[in-house]
Amino acid sequence: MVLLLLKDIVPAAQNNINTRFIILDKARSPAAANNGKNCIALAADETAAVHIQLWGDECEEFEAGDIVKLTNGIFSYVRNSGLILRAGKRGKMEKMGEFTVAFVETPNISEIQWIPDPENPKRYIQSAVVSAYSRIFPPLP
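As named in an unreviewed UniProt entry, the protein chain is SOSS complex subunit B homolog, taken from Camelina sativa.

This is the structure:
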C-alpha cells in the first residue's frame with residue numbers, strides 16, 4: 001500500500017486515500033450539536049496540513065500528538081465544515097505512535113478552493129488559496 005503525502009490529496013467522492021499524519025489539535029465540530037458525537041481536528045505531515053473529521057469513538061480515541069494511519073479515507077466537502085479528510089464508512093483510522101514525526105502547518109489543503117478539471121470533470125484542480133493556515137485552528141501569536 002502506497003501512502004500519499006497530504007500535499008498530494010485531491011477532493012474526490014471515493015474512499016481511496018491511504019496516508020499518515022500527526023494530530024495537532026482537536027475541537028468539537030460546528031455540526032456536532034445537530035448530529036451527535038463528532039469532532040474536527042487539525043492534522044499534518046511533512047508536506048501539508050488538513051482538517052480531519054472524527055466520528056463517534058474516534059473523538060475519544062485520538063488526541064493531539066497521536067500519529068495516525070488512515071486507510072481507504074475520503075477527502076470531500078462536508079456541510080457546515082468545508083473540505084475534510086475522514087475515514088467514512090469504508091475507511092479506517094488507527095494510532096501508530098506519538099510525537100515522533102516532522103510536520104508543517106502550511107499549506108492547509110482544507111483551505112484551498114478546488115474546481116472541476118475542465119479536461120476531466122471527475123477530477124478537481126486547485127483554483128485559489130482561501131487561507132495559508134487553518135481558519136478553524138489559527139496559529140498561535
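Now that the structure is up, let's keep going.
Enquirer: Could you clarify how one ought to interpret the overall build of the protein chain in this entry?
Expert: Assigned secondary structure in the protein chain consists of 2 helices and 8 strands. In the protein chain, the order of α-helices and β-strands from amino to carboxyl end is β-α-β-β-α-β-β-β-β-β. The C-alpha atoms of the protein chain give 14 Å as radius of gyration, which agrees with the globular expectation for 141 residues (14 Å, within 12%). Taking the principal axes of the C-alpha coordinates as reference, the protein chain spans close to 40 × 35 × 35 Å. For the protein chain, the share of sequence-separated contacts (at least 6 apart) that also reach a separation of at least 24 residues comes to 61%. Split by element, the accessible area of the protein chain, about 7,800 Å² in all, is 52% carbon and sulfur. When the 15 basic and 16 acidic side-chain charges of the protein chain are each reduced to a single mean position, those positions are 7 Å apart.

Enquirer: Quick question: what am I supposed to make of the pairing of strand 3 (residues 49–55) here?
Expert: A regular strand places its side chains on the two faces of the sheet in alternate fashion. Within strand 3, 6 of the 7 residues are buried, which leaves it mostly tucked inside the rest of the structure. Strand direction decides the pairing type here: strand 2 (residues 38–44) and strand 3, joined by 7 bridges, are antiparallel. Directly across from Ala43, in strand 3, lies its bridge partner Val50. Counting the residues that bridge the hairpin from strand 2 to strand 3 gives 4 residues.

Enquirer: Please explain the pairing of strand 4 (residues 66–78) as it appears in this structure.
Expert: By the criterion of burial, strand 4 is predominantly enclosed, with 10 of the 13 residues buried. Two strands pair when backbone bridges link them, and strand 4 and strand 6 (residues 92–98) are joined in this way by 6 bridges, in the antiparallel orientation. Each residue of the ladder has a partner; that of Asp66, found in strand 6, is Glu98. Two elements, strand 4 and strand 5 (residues 82–86), share 5 bridges in a ladder whose sense is antiparallel. Within strand 5, the position partnered with Ser76 by the bridge is Ile84.

Enquirer: Hey, could you run me through the nonpolar core in this one?
Expert: Soluble globular proteins tend to bury their nonpolar side chains together. By size, the foremost hydrophobic cluster in this structure holds 24 residues, and its most contacted members are Phe21, Val50, Ile52, Leu54, Phe75, Leu85 and Met93. Breaking this core down by element, the ones donating at least two residues are strand 1 (17–28), strand 2, strand 3, strand 4, strand 5 and strand 7 (112–117).

Enquirer: How do you make sense of the pattern of salt bridges when you look at a structure like this?
Expert: It is possible for side chains bearing opposite charge to pair when their charged atoms get close. Following the criterion strictly, the structure yields 4 salt bridges and no others. The shortest N-O distance in the salt bridge between Asp66 and Lys95 comes to 3.4 Å. Here Asp66, found in strand 4, pairs with Lys95, found in strand 6; they are 29 residues apart in sequence, far enough to count as distant. You can call Lys95 partly exposed: its relative accessible area is 43%.

Parameters and conventions
Residues numbered from 1 in each chain as written. Predicted model: local features only at pLDDT ≥ 70, side-chain atom pairs only at ≥ 80, totals over all residues. Heavy atoms only, no water. Helix = DSSP H or I, 4+ residues; strand = E, 2+ residues; numbered from the N terminus. Rg over C-alpha atoms; globule rule 2.2 N^0.38 Å. Contact = heavy atoms within 4.5 Å. Areas by Shrake-Rupley, 256 points an atom, 1.4 Å probe, with all protein chains shown as cover. Lys, Arg positive; Asp, Glu negative; His and termini not counted. Charge placed at Lys NZ, Arg CZ, Asp CG, Glu CD. Buried < 20%, exposed > 50% of the residue type's maximum accessible area, 1.4 Å probe, protein only. Pairing = 2+ DSSP bridges. Core = buried A, V, L, I, M, F, W, Y, C linked by side-chain atoms within 4.5 Å. Salt bridge = Lys/Arg side-chain N within 4 Å of Asp/Glu carboxyl O.

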